[in-house]
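What follows is the residue order along each chain.
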Amino acid sequence: QVQLVESGGGLVQAGGSLRLSCVASGRNLNAYVMGWFRQAPGKVREFVAGLRWSSGNTYYADSVKGRFTISRDNAKNTVYLQMNTLKPEDTAVYYCAARNGNLLMTMPAFFGSWGQGTQVTVSS
C-alpha cells in the first residue's frame, strides 16, 4: 500500500494559480500510475490528471487541459498538480491517488491508495 499526503490547497481568485503536492511513501512507484481527482459538494469524484510514474506519460480531463499540469519529482517521490487560470468551477477537494499497474485509468475505483484531500477554493 502506498501512503499519500497532499498539501498546497487554499483560496485563490479566479485567474490565479496554485500548486498541489503529493508525497508518496511505502512502495517503489515505478509500477504505479498516479492520479489527481476532485470532488465538489454534491458531486461525484472526478478524474483530473494522471501520470505513469515509470515513463512520465500524462493524461488529463478535457476540462483542465491546457490549464493544469501534472508532474513528478523522482528524488522526492512527489507528484505535483500545477493549476493555472483557475475558475470558480475548479472549487473542490482535491485528492491524490495511486494505482498499482501501468494502464492509464480515469475511474476512481481503479485506484487503491488515496490521500486525505486538500481544499481548493476559487473565488469569482
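Structure shown above.
Structural notes, computed from the coordinates. (Residues numbered from 1 in each chain as written. Predicted model: local features only at pLDDT ≥ 70, side-chain atom pairs only at ≥ 80, totals over all residues. Heavy atoms only, no water.)

As for the overall build of the chain
Counting secondary structure elements, the chain contains zero helices and 11 strands. Overall, the chain shows an N-to-C arrangement of helices and strands of β-β-β-β-β-β-β-β-β-β-β. Taking 2.2 N^0.38 as the reference for a compact globule, 124 residues should give roughly 14 Å; the C-alpha atoms of the chain span a radius of gyration of 13 Å, in line with that estimate. Counting only residues that meet the buried cut, the chain has 44% of its 124 residues in that class. Considering only intrachain contacts with a sequence separation of at least 6, the fraction spanning at least 24 residues in the chain is 59%. Put simply, the chain shows about 6,000 Å² of open surface, and 49% of that area lies on carbon and sulfur atoms. Within the chain, the 6 negative side-chain charges are centred at a point lying 6 Å from the centre of the 12 positive side-chain charges. (Helix = DSSP H or I, 4+ residues; strand = E, 2+ residues; numbered from the N terminus. Rg over C-alpha atoms; globule rule 2.2 N^0.38 Å. Buried < 20%, exposed > 50% of the residue type's maximum accessible area, 1.4 Å probe, protein only. Contact = heavy atoms within 4.5 Å. Areas by Shrake-Rupley, 256 points an atom, 1.4 Å probe, with all protein chains shown as cover. Lys, Arg positive; Asp, Glu negative; His and termini not counted. Charge placed at Lys NZ, Arg CZ, Asp CG, Glu CD.)

Comments concerning the environment of V64
Among the secondary structure elements, V64 is positioned in the loop between strand 6 (58–60) and strand 7 (68–73). Of the residues examined, V64 reaches a relative accessible area of 0% and is grouped as buried. Separated by 19 residues in sequence, V64 and M83 place their C-alpha atoms 8.5 Å apart. Contacts of V64, omitting those with residues within four sequence positions, involve R38 and V48.

Digging into the packing of aromatic side chains
A complete count under the given rule lists six aromatic pairs for this structure. With a centroid separation of 5.0 Å and 55° between ring planes, the pair formed by F37 and W114 is classed as tilted. Of this pair, F37 sits in strand 4 (residues 32–39) while W114 sits in strand 10 (residues 113–114), placing them 77 residues apart in sequence. The class of F37 is buried, set by a relative accessible area of 0%. On the basis of relative accessible area, W114 is assigned to the partly exposed category, the value being 27%. Both rings, one in Y95 and one in W114, keep their centres 6.3 Å apart while their planes meet at 80°; by these two values the pair is edge-to-face. Of this pair, Y95 sits in strand 9 (residues 92–100) while W114 is found in strand 10, placing the two residues 19 residues apart along the sequence. Classification of Y95 as buried rests on a relative accessible area of 14%. Every member of this aromatic cluster is reached through a ring pair, and the members are F37, F47, Y59, Y95, F111 and W114. (Phe/Tyr/Trp six-rings, centres within 6.5 Å; stacked < 30°, edge-to-face > 60°.)

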